[in-house]
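Observations on the three-dimensional arrangement
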Amino acid sequence: KVFTSTLCTTMHTPAFEFLSGSETHFYESPDRPGVILKYLESQGDAFEVTERVEDFGPGPIERVHKQDFLDYLKTAYEEWIEEGGHPNGVLPGTIPHYKVARLGKLKAANCLAKSGEYCFDLSAVITKDTFKAAWNAAQVTLTAAKDLVRAADEFEQSVEAGSATRKNPPGLYALVRPPGHHAQSDICGGYCYLNNLAIAAQWLIDQPGLKSKADGGPKRIVILDIDFHHGNGTQEIFYTAANPLYTSLHSIDDYPYFTGSALEKGEGEGLGFNINIPMPQATTNDDYVETLDKLIKDHVIPFKPDYVLVSLGVDTYKDDPIAGFLVTSEGYPRIGNSIRKIGVPTLFVQEGGYCIEKLGLNVGGILLGYMG
Ligand code: Q9C
Ligand code: ZN
């Protein structure tokens, strides 16, 4: 079942980004969801698409993101224009680098200053509709998470009644943009503003009526981040938590450069619940699936999750314009199949993937591989 909404998928349209010092078109394009949807709709009745979005209000978003950051995102564009900023949108001029700001930081005086305080790079322009789109993407993801609860309950009952086996767990997909996994609790970057998947994960953990099968506590969640880039945002948000377990396969040689090492294992109660598996550039299908299967066997299964939440990026694709792995379109159904074998109800949340020509085939490959 696919959850989406044109409100988030098409409204946020930055005009440009910078790559290696030159201005290029914006790779995280509003055309991306359309080509994915088109492919999924070409697969007979394999996928059921819904544009139904429930309004969960600000509560679940405020559980993950800091209030001052949310206030900033909401008003930034308007303030930027009032201050004489370019209508293209908000882009930082000065980022408070720790080597500069370590002597104590002054309070940001205006939007131009805040733009650096709340953003860590030049790939998260705030346009007129960015906040609305990001908010809607979070609400779509929450709607899908709520449906995951229902689907998982139904699945449990069917398994008990003998009409289903654990080999075919239910799968849901939130087809959203802007993506989320680089957004930390109070800083945007890397095309990401609100961390859709983290918001859904925290909401699932917070539901008082939902109990884990393994220990009767809150639902146990594994996050499997298969985007090419490390999910620094999701890692930061849950760094001191023992639930969810954050796991990530990503390139160690690429963006966001300063996070993603295997030595980042979590802190406090979260120690041991952050698993980074950096991989070299030019990683192939066989390398990737072998590493994923080992991660599942060593860390995902032993955690005894009730739900798996996948940060679904296909920028691991060999022809992705901003990445460097060698996964092919034949690799994606194998990845989906490995995730199916966990045997746990799964919510896929769209993150990166910038080869527009093969985007539908590659995302569809993972979902179809999961469906078996
Ligand atoms: N040479 C996601 O995939 N620019 N974000 C990187 C790399 C930003 C990627 C330049 C890439 C952000 C969700
Ligand atoms: Zn990515």
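Structural data are supplied above this passage.
Residues numbered from 1 in each chain as written. Chains lettered and ligands numbered in written order. Predicted model: local features only at pLDDT ≥ 70, side-chain atom pairs only at ≥ 80, totals over all residues. Heavy atoms only, no water.

**Comments concerning the coordination of the zinc ion (ligand 2)**
The protein atoms that coordinate the zinc ion (ligand 2) are Asp-227 (OD), Asp-227 (OD), His-229 (ND1) and Asp-315 (OD), at distances of 1.9 to 2.7 Å. Sequence spacing of the donors to the zinc ion (ligand 2): D-x1-H-x85-D. You can see His-229 sitting in the loop between β6 (221-225) and α9 (232-237) and its partner Asp-315 sitting in the loop between β9 (307-312) and α11 (331-340), a full 86 residues away along the chain. Given the relative accessible area of 5%, His-229 is considered buried. Judged by relative accessible area, Asp-315 falls into the buried class, the value being 0%. (Donors = N, O, S within 2.8 Å, 3.2 Å for Na, K, Ca; no water. Helix = DSSP H or I, 4+ residues; strand = E, 2+ residues; numbered from the N terminus. Buried < 20%, exposed > 50% of the residue type's maximum accessible area, 1.4 Å probe, protein only.)

**Structural notes on the nonpolar core**
The nonpolar side chains of a soluble globular protein tend to be buried with one another. Within the largest apolar cluster, 53 residues are counted, with the highest numbers of intra-cluster contacts made by Tyr-72, Leu-73, Leu-204, Ile-221, Tyr-307, Leu-309 and Leu-347. Tallying contributions element by element places helix α7 (residues 130-161) first for this core, with 12 residues. Lining this core are residues from two domains, each supplying at least three of them: domain 1 (2-65 + 127-371) and domain 2 (67-117). By size, the runner-up hydrophobic cluster in this structure holds 41 residues, among which are Val-222, Leu-245, Ile-342 and Tyr-370. (Core = buried A, V, L, I, M, F, W, Y, C linked by side-chain atoms within 4.5 Å. Domains from an automatic or database assignment.)

**Thoughts on unusual backbone geometry**
Negative phi characterises most residues that are not glycine, and trans characterises most peptide bonds. Of note, the amide linkage connecting Arg-177 to Pro-178 takes the cis form, showing an omega dihedral of -5°. Geometrically, the link from Asn-243 to Pro-244 is a cis peptide bond, its omega value of 5° lying close to zero. Despite not being glycine, Ser-20 has its phi angle at roughly 45°, a positive value. Along the chain, Ser-20 turns up in the loop between β2 (17-19) and β3 (22-24). Residue Tyr-191 is not a glycine yet carries a positive backbone phi of 70°. As for its position among the elements, Tyr-191 is in the loop between β5 (171-175) and α8 (196-206).

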